[in-house]
Every structure is written in C-alpha cells, then in structure tokens.
Amino acid sequence: MSAYILASIEITDPEAYEEYRRRVPAIIAVHGGRYLVRGGLVRGLEGDKPASRLVILEFPDMARLERFTAG
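Note that the structure is predicted; figures quoted are calculated from it, not measured.

Rules used in this analysis
Residues numbered from 1 in each chain as written. Predicted model: local features only at pLDDT ≥ 70, side-chain atom pairs only at ≥ 80, totals over all residues. Heavy atoms only, no water. 1 Å grid on protein atoms, 1.4 Å probe; cavity = no way out; pocket = protein on both sides within 12 Å on 5 of 7 lines; lining within 4 Å. Points joined across faces, edges and corners; volume = space filled by probe spheres on them. Helix = DSSP H or I, 4+ residues; strand = E, 2+ residues; numbered from the N terminus. Patch = residues over 30% accessible without salt bridge, like charges linked within 9 Å, V, L, I, M, F, W, Y side chains within 5 Å. Areas by Shrake-Rupley, 256 points an atom, 1.4 Å probe, with all protein chains shown as cover. Salt bridge = Lys/Arg side-chain N within 4 Å of Asp/Glu carboxyl O. Buried < 20%, exposed > 50% of the residue type's maximum accessible area, 1.4 Å probe, protein only. Contact = heavy atoms within 4.5 Å. Expected span 1.5 Å × (residues − 1). Bend = angle between axes of the 7 residues up to and from the residue. Core = buried A, V, L, I, M, F, W, Y, C linked by side-chain atoms within 4.5 Å.

> If you had to explain the layout of surface pockets to someone new, which residues and values would you point to?
One simple way to see leftover space: roll a probe sized like a water molecule over the atoms. Here the largest pocket is characterised by a volume of approximately 190 Å³. If you trace the largest pocket, you find 15 residues lining it, with I9, Y20, V24, Y35 and V55 closest to the centre. Put simply, the parts of the chain that give the lining of the largest pocket at least two residues each are β1 (3-9), α1 (14-30), β2 (34-38) and β3 (53-59). If you tally residues by element for the lining of the largest pocket, the top one is α1, at six residues.

Okay, structure coming up:
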C-alpha cells in the first residue's frame, strides 16, 4: 500500500533551498518515491495562513518512506 508525506514548507533561506532542490529528487528516487505535488500557488480559504510551499511525496510502502525519513 502506498504511503505519503505531506510537507508544508516555509522557505527562509532561498540559496540553501535551491541547493536542497537540486539534491533531493535523486534521494527520493533511490527510495522509490515520487513527487505528486510540489510548488504552485498555495491559498488558504480559512484559518491560519498556509506555508508558502506544499509538497506531497508518494512512496510504494511505509517501509520505504521510513527509510527515506531515517536518511
């Protein structure tokens, strides 16, 4: 059964984030993961202001997701 990570990201250091963006796709792929959603317009309809970036990753199963997060 697939497993998912939902990340709500606020970028505070754009230079460091660009380096992260270059490196992390290969690491995600090694663990069998793939992006379902990344970036785009984030708009809250109610409640607290959402973070500036939303990312959803899908992994084939929880074991692979856990190996990815254990890093």
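There's plenty left to go through after this.
> Tell me about a nonpolar patch on the surface, and name the residues and values.
Taken together, the side chains of Y4, L36 and V37 define a hydrophobic patch exposed on the protein surface, amounting to about 260 Å² of accessible area. By the secondary structure assignment, L36 is in strand β2.

> Account for the side chain of H31, naming residues and giving values.
With respect to the helices and strands, the residue H31 is situated in the loop between α1 and β2. Residue H31 is classed as buried on the basis of its relative accessible area of 19%. With sequence-adjacent residues up to four places away left out, H31 is seen in contact with F59, P60, R64, R67 and F68.

> Describe the environment of L41, with residues and values.
Turning to its location among the elements, L41 is positioned in the loop between β2 and β3. The spatial distance from the C-alpha of L41 to the C-alpha of Y17 is 18 Å, given a sequence separation of 24 residues.

> Give a detailed account of α1, specifying residues and quantitative values.
One full turn of an α-helix is made of 3.6 residues, so residues set three or four places apart face in the same direction. Look at α1: 25 Å from first C-alpha to last across 17 residues, which is about the 24 Å you get at 1.5 Å a residue. The principal kink in α1, of about 35°, is found at R23, preceding the proline P25 by one to four residues. Of the residues making up α1, those classed as buried are Y17, V24 and I28. In this structure, the buried residues of α1 make contact with β2, β3 and α2 (62-70). Positive phi shows up at G32, right after α1, with a value of about 80°.

> Give me the lowdown on the nonpolar core, citing residues and values where you can.
A3, I5, V24, I28, V55, L57, F59, L65 and F68 form the largest nonpolar core, which has nine residues in total. Counting residues per element, the ones that place at least two in this core are β1, α1, β3 and α2. If one sorts the elements of this core by residue count, β3 sits on top with three residues. When sequence neighbours within four positions are dropped, the list of residues in contact with A3 reads L57, E58, F59, D61, M62 and L65.

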